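Structural description and commentary
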Amino acid sequence: MTDITALPGGKSPWQSAARFGLYALLIIFAAYYILPLIVVLSTSMKDLDEIRNGTLLSLPAEINFEAWGYAWNEACIGVSCTGLKPYFWNSVAMTIPAVTISTLLGALTGFSLTKFKFKGANLIFAMILFGCFIPFQVVLLPMAQSLGFLGVANTVPGLVLVHIVYGLPFTVLFFRNYYVNIPDDLIKAATIDGAGFFMIFWRIMLPLSPPIIVVTVIWQFTQIWNDFLFGASFTTGGGQPVTVALNNLVNTTTGVKRYNVDMAAALITAAPTLAVYVLAGRYFVRGLTAGSVKG
Amino acid sequence: MASLSIQNVKKSYGSVEVLKGIDLDLENGEFLVLLGPSGCGKSTLLNMIAGLDTITAGEILIDQTVVNDVHPKDRDIAMVFQSYALYPNMSVARNIGFGLEMRKVNKEERERRVDEAARMLQIDHLSDRKPAQLSGGQRQRVAMGRALVRDPEIFLFDEPLSNLDAKLRVEMRTEIKKLHQRLGTTMVYVTHDQIEAMTLASRIAILKEGEVQQFASPQEVYEKPANMYVAGFVGSPPMNFVPAAVVNENGKLGVSIERTANGTRGSVFLALPEDRQGISEWVGRDVILGIRPETLTHRSDSEMSINNRLQAFDCQVEVLEPTGADTLTYIELGGREVIARVNPYNTTEPGETMAFMVDMGKASLFDPKTELRI
């Protein structure tokens, strides 16, 4: 690709000034966005005295992870003082199966909607797509009834089910649009070679899918881990996910307000999504733009 | 090896009729080329033979067995695609062996046959590469290897050479011809390239708008095209079409053509040979005379004295296009531009009049209304 800044005749004083202004603006914006993270991080490492006496922006006198341990093991969530730990594992137990199953089902559905086209496939896709535009709040009541009917209300498996159902329109959309660009001849060749529906899916389509799998997993993981509404609506007490527990921890009205514990708890809650982005983020952009230019 | 019979096969998508009753019969070991422009239904027909598309009406028989409702994998056919359709995630060896793997052939047998096919196509040194690491020609060979290794009853080729550059295309064409000669397997080959069709086929079926225009050997298609469409499609440069009138001159039937020579416009009489004299009902009516460029050339008196099918006329030259071996000479006959293939040393400057002779034994006559051969 041509580097358009390195073209001949592109170095006038005006352009240098413009470049300076551009970088200045970018630095201001970067600082604006990074500052809250610095405050949260530094506050989580201070003790309560330091928070009371110091300023918001001052850095901690020493690195101190006491608040992190307290948030993880001892903090009171409502009336039970167990820390975030059990709720964190609730979230893990909810997110991993929900992400895995919705991604796999999305891949299978996307595959059959594009490569084993049946009459009305496009209509069904349009209807599934419609699911992307339904706000969470609309499905709350019918979903609560369904969960009760199925006997999984107030359980982690119940939440898993909700997230799979709500996530499917997105995963189907991702996989369908990815698979539509894979040539039909591949499927024809495999059919003549003697492979059936699942064999083609397993041996040919899935090995071609890593970019879109990464996109789907990041998307679903972020959506499900960060979900608050479903967790708050469908669970109480010990079955709650970590986001709800965090809210209960921070909004508690009894005792001293421990800002350092609140900050540590918020960071613990956000850590998994952050980790997923750091580990797979570069595939995310690559996958989203896959197929947009002919490779 | 197997015979293939296509009986009154039709295909419709909704109200659109893509194939309007195709009848083709193929002997064991024949090489059939389906030739036609894009959208004529030739690829659809091939997909139907493969079983990748359903048949609206009619029957397809492989070795006298109706296969309309037989799954592609059970038809004992192998197909080579225009896009090669190699599995991107598998090595060359796995690509070739995938069909055997699906048919549960044991590992040693599989490796032996993959190796054999790879060596036959000279790609055995590429076994561990992925398709993305191969050139176009190598990919084409792998695609052929995948078909070859299964030792099928019928090979199907869907425009296999159209993604290759010109030089490689000619090489691979010869390769396919050699393969057919060596294996003797029945092959069906779809192309829009008339040279591929002429060079490869034992018989050509020319399709237009879902109908077979002619089904015959390449030589017959070339020399006796069934209609003006076939005549214009096969051959390069294409056949010349000249409006003419059938006349009787001194007891001999022939055609009369308008042309300009030495600055004056007039008609010239070209007699038809003895075996073409039976068209007396056409006397006084207009026809289209079809002349291949190579049967129209500069006059040679010595040749004319030994071949009485050659007829002479003079005509003004308009444009010269040297190609090296021959010079394409453009003249005007009956108001149409006509190309003659002339030896470069016998040409005349544009604007001057030159002596030509035409082999009327190789000329075709067409009905201007139906465009069918007379």
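Residues numbered from 1 in each chain as written. Chains lettered and ligands numbered in written order. Predicted model: local features only at pLDDT ≥ 70, side-chain atom pairs only at ≥ 80, totals over all residues.

**Describing the overall build of chain A**
Our working definition: Runs of E in the DSSP output that reach at least two residues are strands. Runs of H or I that reach at least four are helices, and both are numbered from the N terminus. The globule rule used for comparison is 2.2 Å times the number of residues to the exponent 0.38, while the radius of gyration itself is calculated over C-alpha atoms. Each residue is classified by how many other C-beta atoms fall within 10 Å of its C-beta atom, where C-beta atoms are placed from the backbone; a count of 20 or more means buried, 12 or fewer means exposed, and values in between mean partly exposed.
Scanning chain A for helices and strands turns up 13 helices and zero strands. Ordered by position from the N terminus, the helices and strands of chain A form the series α-α-α-α-α-α-α-α-α-α-α-α-α. Relative to its length of 295 residues, chain A is extended, with a C-alpha radius of gyration of 25 Å against a globular reference of 19 Å. Taken along its principal axes, the extent of the C-alpha atoms in chain A is 75 × 70 × 30 Å. Sorting the 295 residues of chain A into buried and exposed places 34% on the buried side.

**Considerations on the overall build of chain B**
How we decide: Contact criterion: two residues are in contact if their C-beta atoms, reconstructed from the backbone, are within 7 Å.
In terms of helices and strands, chain B carries nine helices and 20 strands. Here chain B, with 374 residues, has 39% of them falling under the buried criterion. Intrachain contacts of chain B at a sequence separation of at least 6 include 66% that bridge at least 24 residues.

**Some points on the nonpolar core**
Using the following cut-off: A set of buried residues drawn from Ala, Val, Leu, Ile, Met, Phe, Trp, Tyr and Cys, joined through C-beta atoms within 7 Å, is what defines a nonpolar core.
B:Val33, B:Leu34, B:Met79 and B:Leu156 are the most contacted members of the largest nonpolar core, which totals 146 residues. Setting aside chain neighbours within four positions, we find B:Met79 in contact with A:Ala189, A:Ile192, B:Ala50, B:Ala147, B:Leu156 and B:Asp158. In terms of nonpolar packing, the next biggest core, distinct from the first, is built from 16 residues, A:Tyr87, A:Phe88, A:Val244 and A:Val261 among them.

**Notes on the pairing of strand S6 (residues 77-80) of chain B**
Residues and elements named next belong to chain B. We count it as follows: Between any two strands, pairing holds if DSSP finds at least two bridges.
Of the two faces of S6, the one carrying Ile77 and Met79 and the one carrying Ala78 and Val80 are both buried. Relative to strand S7 (residues 154-158), S6 runs parallel, the two sharing four bridges. The residue bridging valine 80 from the neighbouring strand is phenylalanine 157, located in S7.

**Quick word on the environment of A:Asp47**
All names here are of chain A. Its place among the elements puts aspartate 47 in the loop between helix H1 (13-44) and helix H2 (48-53). Considering only alpha carbons, one finds aspartate 47 and leucine 267, 220 residues apart in sequence, at a separation of 16 Å. Beyond its immediate stretch of four places on either side in the chain, aspartate 47 contacts Asn64, Glu66 and Asn260.

**Thoughts on the sheet that holds strand S1 (residues 4-13) of chain B**
Strands pair in a sheet through their backbones, by hydrogen bonds, and they do so in one of two ways: parallel or antiparallel. Residues and elements named next belong to chain B. Which entries qualify depends on this criterion: Here an axis means a line fitted to C-alpha atoms, over the contact stretch when the element is a helix, while the angle between two N-to-C directions is reported on a 0 to 180 degree scale.
Strand order in the open sheet made by the four strands is S2-S1-S4-S5, with antiparallel pairing throughout. Strands with a single pairing partner mark the edges of an open sheet, and in this sheet they are strand S2 (16-26) and strand S5 (65-66). With two bridges connecting them, strand S4 (residues 57-62) and S5 associate as antiparallel partners. Bridge pairing in S5 places leucine 61 opposite valine 66. Each of S1, S2 and S4 is contacted by helix H1 (residues 42-50), which is oriented at about 60° to S2, the strand it contacts most.

**A short note on the interface of chain A and chain B**
For clarity, the threshold we go by: Under the convention adopted here, Pro, Cys and the residues Ala, Val, Leu, Ile, Met, Phe, Trp and Tyr are nonpolar, Asp, Glu, Lys and Arg are charged, and Gly plus all remaining residues are polar.
The partner chain B presents 17 residues to the 14 residues of chain A that form the contact. Secondary structure elements with two or more residues in the side of chain A that touches chain B: helix H8 (184-193) and helix H9 (197-205) of chain A. The element contributing the most residues to the side of chain A that touches chain B is H8(A), with seven residues. Counted by class, the side of chain A that touches chain B contains nine nonpolar, two polar and three charged residues.

**Looking at the sheet that holds strand S10 (residues 211-216) of chain B**
Residue and element names in this part refer to chain B. Taken together, the six strands give an open sheet; going across it, the order is S6-S7-S8-S3-S9-S10, and neighbouring strands pair in mixed fashion. Here the strands that pair on one side only, and so sit at the sheet edges, are S6 and S10. The sheet shows a mean angle of 15° between the axes of neighbouring strands, taken without regard to direction. Sheet strands touched by helix H4 (residues 136-148): S6 and S7. Its angle to S6, the strand with the most contacts, is close to 175°.

**Remarks on the environment of B:Asn346**
Residue and element names in this part refer to chain B. Its place among the elements puts asparagine 346 in the loop between strand S18 (336-342) and strand S19 (353-359). Judged by local crowding, asparagine 346 falls into the partly exposed class, with 14 C-beta atoms found within 10 Å. Between the C-alpha atoms of asparagine 346 and threonine 297, which are 49 residues apart in sequence, the distance is 9.3 Å.

**Things to note about helix H10 (residues 210-226) of chain A**
Residues and elements named next belong to chain A. Going by this rule: What a helix should span is 1.5 Å times the count of its residues minus one.
Given a rise of 1.5 Å per residue, 17 residues ought to cover 24 Å, and the 24 Å separating the end C-alpha atoms of H10 matches this to within 8%. Among the 17 residues in H10, 12 count as buried, and that is most of the element. Of all the positions in H10, only Ile212, Ile213, Val214, Val215, Thr216, Val217, Ile218, Trp219, Gln220, Phe221, Ile224 and Trp225 are classed as buried.

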